[in-house]
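Each chain is listed here by its residues.
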Amino acid sequence: MIYETSEAWRQAKTRQVLLFGMSGLGKTHVSNMLRAEGGWFHYSVDYRIGTRYMGEFIADNFKREAMKVPLLRELLRTDSVFIASNITFDNLAPLSTYLGKPGARDRGGLPFDEYMNRQAQHREAEISALLDTPRFIDRAAQLYGYSDFVCDSGGSICEVVDPENPEDPVLSALSSHLLLVWIEGSDAHTAELVRRFDRAPKPMYYQPEFLHAAWADYLAQTGLTEDAVDPDAFVRWTYARALAHRQPRYAAMARNWGVKVSAEEVAKLRSPEDFADLIARAIDTAPARR
């Protein structure tokens, strides 16, 4: 770890952390607080994915739909209108909409092969955005004068790294520049996340092996063909399994590469000073590295 002791963390001239864990447990909330009240530079991996690496895919998808409308088709072909996504740190809907859900086309679904193609695009984009982090640390300091830096990672970070591999290229690059902090949820948090997702299911990135197995199991259990699957029903069915799949991967990231804090502790944070104290305690209680 770049801060071996709590004292090193407290005395550091620059504080650089990466927050990871399931979406909905406080990563963006804490990052926004640090940016607004503590003068930290906030680097959002999902925002970087949606603007730098998948922005063209997203815009082309919008244009593909617009070309189905005669009036818009003519305006697009004569460059009379401009179509682009309006992604923000707090609104990543264009990215999730592009990722989509597999299933019946008349219910908004995608053919499974196209769905997996978009998943592969996201994987490549997420790795690239994560590896951009050290450059943004330098950019934040040299261009804007920020000394403190928080990387707000996506919930799927654990899907694109191997936390048990001491030479994993992504985790090696990140841990040499930042302290990796897992926001761990309780069983109650997991249940609440499932309830929220059930109300408003949204597309997510998953490991291809996990998705292929989930898709095959779902078709076998329901007896449905690909073009008869309700896309929302499938992603609801998959979500709780995804949480169970991710939990040990997050735990391994914290055990081998960083520290952990609880979502309950994060919910109580009211200031950057509270955050600094929380991280100091997490460093003090972290197990010895292998």
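Position labels on residues start from 1 in each chain and follow its written sequence. Note on the predicted model: pLDDT of at least 70 is required for a residue's local features to be given, and 80 or more for side-chain atom pairs to be given and counted; whole-chain, interface and lining totals, by contrast, use all residues. Side-chain descriptors were evaluated using all non-hydrogen atoms of the structure, hydrogens and water having been removed beforehand.

Thoughts on the overall build of the protein
The helix and strand inventory of the protein stands at 14 helices and 5 strands. The globule rule is 2.2 Å times the number of residues to the power 0.38, and the radius of gyration it is compared with is taken over C-alpha atoms. Here the C-alpha atoms of the protein give a radius of gyration of 20 Å, agreeing with the 19 Å that 2.2 N^0.38 yields for 290 residues. Its C-alpha atoms give the protein principal-axis dimensions of about 65 × 50 × 35 Å. Each residue's exposure class comes from its accessible area (1.4 Å probe, protein chains only) as a fraction of the maximum for that residue type: buried when under 20%, exposed when over 50%, partly exposed otherwise. Evaluated residue by residue, the protein yields a buried proportion of 48% over its 290 residues. Taking the contacts inside the protein whose residues are at least 6 apart along the sequence as the reference set, 78% of them involve residues at least 24 apart. All tallies of charge rest on Lys and Arg as positive and Asp and Glu as negative; His and the ends of each chain are not included. Lys charges are placed at NZ, Arg charges at CZ, Asp charges at CG and Glu charges at CD. Averaging the locations of the 34 positively and 40 negatively charged side chains of the protein gives two centres separated by 2 Å. Going along the chain from the N terminus, every DSSP run of H or I of four or more residues is numbered as a helix, and every run of E of two or more is numbered as a strand. Two residues qualify as a contact provided that any one of their heavy atoms is within 4.5 Å of a heavy atom in the partner residue.

Here's the deal with the side chain of R118
Among the structural elements, R118 can be located in helix α7 (residues 112–131). Given the relative accessible area of 7%, R118 is considered buried. Two N or O atoms form a polar contact when they lie within 3.5 Å of each other; inside protein one atom must be a possible hydrogen donor and the other a possible acceptor, and for residues adjacent in sequence the pair counts only when both atoms belong to side chains. Within polar-contact distance, the side chain of R118 engages the side chain of N61 at 3.5 Å. Leaving out residues up to four positions away in the same chain, R118 has contacts with M54, N61, Y98, L99 and L110.

Digging into helix α4 (residues 55–66)
To estimate the expected span of a helix, count its residues, drop one, and scale the result by 1.5 Å. The end-to-end C-alpha distance of α4, which contains 12 residues, comes to 17 Å, matching closely the 16 Å that a straight helix rising 1.5 Å per residue would cover. Within α4, burial applies to G55, I58, A59, N61 and A66. For α4, the angular spread of the buried residues around the axis is 155°, confining them to a single face. Where the residues of α4 are buried, they touch α3 (45–53), α5 (70–77), α6 (93–99) and α7. Throughout, the arc means the angular range of directions from the helix axis out to the C-beta atoms.

Regarding a negative patch on the surface
Together, D106, D113, E226 and D227 give the surface a local cluster of negative charge. Here E226 shows up in the loop between α11 (208–222) and α12 (231–257). Taking relative accessible area as the criterion, E226 reaches 33% and is therefore assigned partly exposed. Residues enter a patch when their relative accessible area is above 30% and they make no salt bridge; the linking distance is 9 Å between like charges and 5 Å between nonpolar side chains (Val, Leu, Ile, Met, Phe, Trp, Tyr). Each accessible area is a Shrake-Rupley estimate made with a 1.4 Å probe; only the visible protein chains count as cover when residues are assessed. Salt bridges are counted wherever a side-chain nitrogen of Lys or Arg sits within 4 Å of a carboxyl oxygen of Asp or Glu.

Looking at the pattern of salt bridges
On inspection of all chains with the given rule, the structure shows 13 salt bridges. Three or more residues are tied together by salt bridges with common partners; here these are R48, D132 and R135.

Let's talk about the pairing of strand β1 (residues 16–20)
Judged by how many residues are buried, β1 sits mostly within the fold: 5 of 5 residues are covered. In β1, alternate side chains face the same way, and those of Q16, L18 and F20 on one face and V17 and L19 on the other are all buried. At least two bridges found by DSSP between two strands are what make those strands a pair. In the sheet, β1 pairs with strand β3 (residues 149–152) via 4 bridges, with the strands oriented parallel. If you follow V17 over to β3, its bridge partner there is V150.

A word on the packing of aromatic side chains
When we look at a pair of aromatic rings, we describe it by the centre distance and by the angle of the planes. In summary, the pairing rule links any two rings of Phe, Tyr or Trp, Trp by its six-membered ring, whose centres are within 6.5 Å, and it sorts them by plane angle into stacked for under 30 degrees, edge-to-face for over 60 and tilted for everything else. This model, assessed by the stated rule, comprises 19 aromatic pairs. Note on Y206 and F210: the rings are 5.5 Å apart at their centroids and 35° apart in plane angle, and the pair reads as tilted. No difference in accessibility class separates Y206 from F210, as the two residues are buried. Joined through ring pairs, the aromatic side chains of F41, Y43, F136, Y144, Y146 and F149 make up one cluster. Two conditions define a charge sitting above a ring: the NZ of Lys or the CZ of Arg must be within 6 Å of the ring centre, and it must be within 35 degrees of the ring normal. Stacked on the ring of W9, the Lys or Arg R15 has its end atom at 5.0 Å from the ring centre. R241 extends its terminal NZ or CZ atom over the ring of W237, reaching a point 3.8 Å from the ring centre.

Function cannot be read off these values alone, since they describe shape.
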